[in-house]
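# Analysis of the macromolecular model
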Amino acid sequence: MSQPAVLVIDAGLGNIGSVAAALERHSCNVQRLAEPPGPAATAGFSHAVLPGVGSFTAGMEALCQRGWADWLLQEWVSLGQPLLGICLGMQLLASCGSEDAASAGDVTTGLDLIPGTVERMHPNGGLPLPHVGWNTVNWAPSAHSLAEGLTNGGDFYFVHSYSFTPTDSAHALASAGYGGDFTAVVGRSECYGVQFHPEKSQRLGRQFLSNFLALGRC
């Protein structure tokens, strides 16, 4: 099997260098691109990763302005190859999000690759936001190979105030708790998203990235 060829989407959403470095530790070819590649170059990648920090609205604006939204929906998805969204990148896979929308009650349209909504968390017990730090993750049986070697209760690193609620509960592959349960991992077809930061999650984060890179063809 050849080495994975990974495209890291650099849409100006921060957090890119550490993600690229974490992937490079897995003996794969990593390219960090600020603009979408053409069809021939796209076909040469086996995996794509969408990292991000910041707000939902600003994130979607950046993806649209730089051409990444069209590339993801029209080019990448048609290949049937794995896509991983990390933190804000996970949330942008949703149908819509309310963060920084133009006015109260409005939403910003997302990529809609995994139907669902992204809304501000309301943790019980007066817990502060953002939710920052290590937290245990519990995997659903449907996570299969994505959770290989990741037992329930393992700790991953989180930084977020909003959470993704998938329309279909079958697309929730893992959960965590912070004043109530929230979705930690989503997946539909070859599109996956994690609310935690695997690049900051030490051994378990490395195992997760290894599992992701084992998906699809190389």
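For the structure itself, consult the block above.
Reading the values: rules and limits
- Residues numbered from 1 in each chain as written.
- Predicted model: local features only at pLDDT ≥ 70, side-chain atom pairs only at ≥ 80, totals over all residues.
- Heavy atoms only, no water.
- Buried < 20%, exposed > 50% of the residue type's maximum accessible area, 1.4 Å probe, protein only.
- Helix = DSSP H or I, 4+ residues; strand = E, 2+ residues; numbered from the N terminus.
- Arc of directions from axis to C-beta.
- Contact = heavy atoms within 4.5 Å.
- Pairing = 2+ DSSP bridges.
- Axes fitted to C-alpha atoms, helices over the stretch in contact; angles between N-to-C directions.

At 3.6 residues per turn, the α-helix brings residues three or four places apart onto the same side. Among all positions of helix α1 (residues 16-24), only I16, V19, A20, A22 and L23 are buried. Looking straight down α1, one finds that the buried residues subtend no more than 160° of arc, so they occupy a single side. Buried residues belonging to α1 abut β1 (5-9), β2 (29-33), β3 (47-50), β4 (83-86) and α6 (202-213).

On the basis of which strands lie adjacent, the open sheet formed by 9 strands has the order β2-β1-β3-β4-β13-β12-β11-β8-β9 and mixed pairing. Strands with a single pairing partner mark the edges of an open sheet, and in this sheet they are β2 and β9 (154-160). Put simply, the sheet's adjacent strands are angled 25° from each other on average, direction ignored. Along the sheet face, helix α4 (residues 68-79) touches β1, β2, β3 and β4 and points at about 150° away from the line of β1.

Taken in spatial order, the 4 strands line up as β6-β5-β7-β10 in an open sheet, and their pairing is mixed. Looking at the sheet topology across the chains shown, the edges are occupied by β6 (108-109) and β10 (162-166). Sheet topology note: the strand β7 (residues 116-120)/β10 ladder contains 5 bridges and is antiparallel. Bridged to V118 within β10 is F164.

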